[in-house]
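# A look at the structure
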Amino acid sequence: MSERKVLNKYYPPDFDPAKIPKLKLPKDRQYVVRLMAPFNMRCKTCGEYIYKGKKFNARKETVMNELYMGLPIFRFYIKCTRCLAEITFKTDPENTDYAMEHGATRNFQAEKLLEEEEKKITRDREEEELNNPMKVLENRTRDSKMEMEVLENLQELKELNQRQASVDFEGMLGTYKELEQRTKEREKEEDERETREMLERALVKRLRDSDSDSDQESESSNRPKKPSTDRPTDILTTDRLTDPQGLSVGGVKKAKVESWERSVGGLGGGGALGTLVVRKKPVTSVPKPGTTVTPAGSNTQTVSKAAATVPAEATKPITAQNGSSSLSLLGAYSDSDDSNNSE
């Protein structure tokens, strides 16, 4: 593949480059090149504005009999984008720029013209001083005199400003100090006020918290305390003869059977245990002469009254505080059985 990229050509041994005929082309021949406008210009024919950087297909030629330090100067021909008028400009290697020839006017050239004018004046002065020493002395004297005048004018302006400006520096410093002290006092007062407000808010919050705590304590003290069960089996006991404080007549605590009935079912109605347990009919039992009579006491009387008034719940276990009440209930049950058998 390297043979395809070889740029060298084969020259025979008898090759003579002098025998090659030269093309006879005119020196001012033109080439078509693609370029951009080197500066802003305005067409003289129609007034069209052509901005810098606009692209053109231009014709290029070498300017005859014009050289700058051996460098050729080129001329370019373009056409207006609106009226197709011909516009020409050429290179300016002396100023590293382009120069407008005809067909348009260059815009924003005031600064460049001013610089060119200054350069021209400087050049003319140097040419005069080159062959005339008296002219050099006159120019130096005129420059020094102009400099002295400028310094005098500046000094006069300074003195005029000092006379008109009556500034009391001591008063200004005193006013500044007073203002600074006043600002510090105001900031201190604001800090104290904010601290006081924060303390008041904290105190009010503390008082509210203490009041709420005291109210809760008073409510908790006024609220009646619920009696607690002594034994786990106390929730199965029932007693309908209760006083307003929740205690039975005989001192037995009130039973809480809601959870038991909810899980197992009540004895009455359509529950599961209602079909298995048969309730006994209420019978008025008369104590036999052979039975032992329990001594009259508060506990025995309350238990006997409860047994007489609640015959429907005789199947449920009833617990008493002492053994005498339970024995009396057992005797009542035995009497009821005897009476049924006799019937």
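Within every chain, residues take consecutive numbers counted from 1 along the sequence as written. It should be noted that, the model being predicted, local features are given only for residues of pLDDT at least 70 and side-chain atom pairs only at 80 or more, the latter also being counted only at that level, while totals for whole chains, interfaces and linings use all residues. Calculated side-chain values reflect all of the structure's heavy atoms, with hydrogen atoms and water omitted.

## A closer look at the overall build of the protein chain
- The secondary structure content of the protein chain amounts to six helices and eight strands.
- In the protein chain, the succession of helices and strands from N to C terminus is β-β-β-β-β-β-β-β-α-α-α-α-α-α.
- Across the 343 residues of the protein chain, 14% fall into the buried class.
- Contacts between residues were defined by any pair of non-hydrogen atoms, one from each residue, lying within 4.5 Å. Looking at the protein chain alone, contacts between residues at least 24 apart form 41% of all its contacts between residues at least 6 apart. Working definition: helices are DSSP H or I runs of at least four residues, strands are E runs of at least two. Numbering for both runs from the N terminus. Relative accessibility decides the category of a residue: with a 1.4 Å probe and only protein chains considered, values under 20% of the type maximum give buried, values over 50% give exposed, and everything between is partly exposed.

## Topic: the packing of aromatic side chains
- Geometry of aromatic contacts follows a simple scheme: Phe, Tyr and Trp rings, the Trp one being its six-membered ring, pair when their centres are within 6.5 Å, and the pair is stacked under 30 degrees between planes, edge-to-face over 60, tilted otherwise. The full count for this structure, using the stated rule, is five aromatic pairs.
- Ring geometry for F89 against Y98: centres 6.0 Å apart, planes inclined by 80°, an arrangement best described as edge-to-face.
- For F89, a relative accessible area of 1% gives the class buried.
- The exposure class assigned to Y98 is partly exposed, which follows from its relative accessible area of 31%.
- Feature note: the residues F39, F76, F89 and Y98 constitute an aromatic cluster, connected by ring pairs.
- Charges are assigned to positions over rings by a cutoff of 6 Å between ring centre and Lys NZ or Arg CZ, combined with an angular limit of 35 degrees from the ring normal. The ring of Y77 has R59 lying over it, and the distance from NZ or CZ to the ring centre is 4.6 Å.
- When the ring centre of F74 is taken as origin, the NZ or CZ atom of K60, which lies over that ring, is 4.4 Å away.

## Let's talk about the side chain of E61
- Inspection of the secondary structure puts E61 in strand β4 (residues 55–68).
- A relative accessible area of 10% places E61 in the buried class.
- Reaching out from E61, the side chain makes a polar contact with the side chain of Y77 at a distance of 2.5 Å.
- E61 has contacts with D28, R29, Q30, I73, F74, R75 and Y77, leaving out every residue within four places of it along the chain. In protein, a polar contact means a hydrogen-donor-capable atom and an acceptor-capable atom, both N or O and within 3.5 Å, with residues adjacent in sequence counting only if both atoms are side-chain atoms; elsewhere, any N or O pair within 3.5 Å suffices.

## Some remarks on the UniProt feature "binding site: Zn(2+)" (unreviewed entry) in the protein chain
- UniProt positions are given in the numbering used here, feature names are shortened, and annotations may be inferred rather than shown by experiment. The residues that UniProt annotates with the feature "binding site: Zn(2+)" (unreviewed entry) are C43, C46, C80 and C83. A stretch of 41 residues holds the annotated residues, and the largest C-alpha distance among them is 8.8 Å, short enough that they meet in one place.
- Counting through the fold element by element, C43 comes out in strand β2 (residues 41–43).
- Sequence-distant contacts of C43, that is, excluding residues within four places in its chain, are made with E48, C80, C83, A85, G103 and A104.
- Relative to the helices and strands, C83 is located in the loop between β5 (71–79) and β6 (86–92).
- Note on C83: relative accessible area 29%, which makes it partly exposed.
- With sequence-adjacent residues up to four places away left out, C83 is seen in contact with C43, T45 and C46.

## A short note on a negative patch on the surface
- A cluster of like negative charges, contributed by E111, E115, E116, E117, E118, D124, E126, E127 and E128, occupies part of the molecular surface.
- Secondary-structure assignment places E118 in helix α1 (residues 110–131).
- A residue is classified by how much of its surface remains accessible, and E118, at 48% relative accessible area, is partly exposed. Every patch collects residues that have over 30% relative accessible area and no salt bridge, joining them within 9 Å if they carry like charges and within 5 Å if they are nonpolar side chains (Val, Leu, Ile, Met, Phe, Trp, Tyr). All accessible-area figures derive from a Shrake-Rupley calculation using a 1.4 Å probe, and residue coverage is judged against the displayed protein chains alone. Think of a salt bridge as a Lys or Arg side-chain nitrogen and an Asp or Glu carboxyl oxygen that are within 4 Å of each other. In summary, the charge assignment counts Lys and Arg as positive and Asp and Glu as negative, without counting His or the chain termini. The location of each charge is read from NZ of Lys, CZ of Arg, CG of Asp or CD of Glu.

## Details of the pairing of β6
- Most of β6 sits out of view: six of its seven residues are buried.
- Pairing between strands is defined by DSSP: at least two bridges between the two strands are required. Here β5 runs beside β6; their pairing, made up of five bridges, is antiparallel. Bridging from a neighbouring strand, R75 pairs with K90 of β6.
- From the end of β5 to the start of β6, which pair antiparallel, there are six residues, and L84 there has a positive phi angle of about 60°.
- Alignment of β6 against strand β7 (residues 97–102), held across five bridges, turns out to be antiparallel. Across the sheet, residue T88 finds its bridge partner in β7, namely H102.
- Here β6 folds back onto β7 in antiparallel fashion, the turn holding four residues, of which T96 has a positive phi close to 50°.

## Describing the pattern of salt bridges
- The tally for this structure, following the rule as stated, stands at 10 salt bridges.
- A salt bridge links E101 to K90; the nearest nitrogen and oxygen atoms lie 3.7 Å apart. Here E101, found in strand β7, pairs with K90, found in strand β6; they are 11 residues apart in sequence, far enough to count as distant.
- We classify E101 as partly exposed; its relative accessible area is 31%.
- Between R106 and D97 there is a salt bridge, and its shortest N-O distance comes to 3.2 Å.

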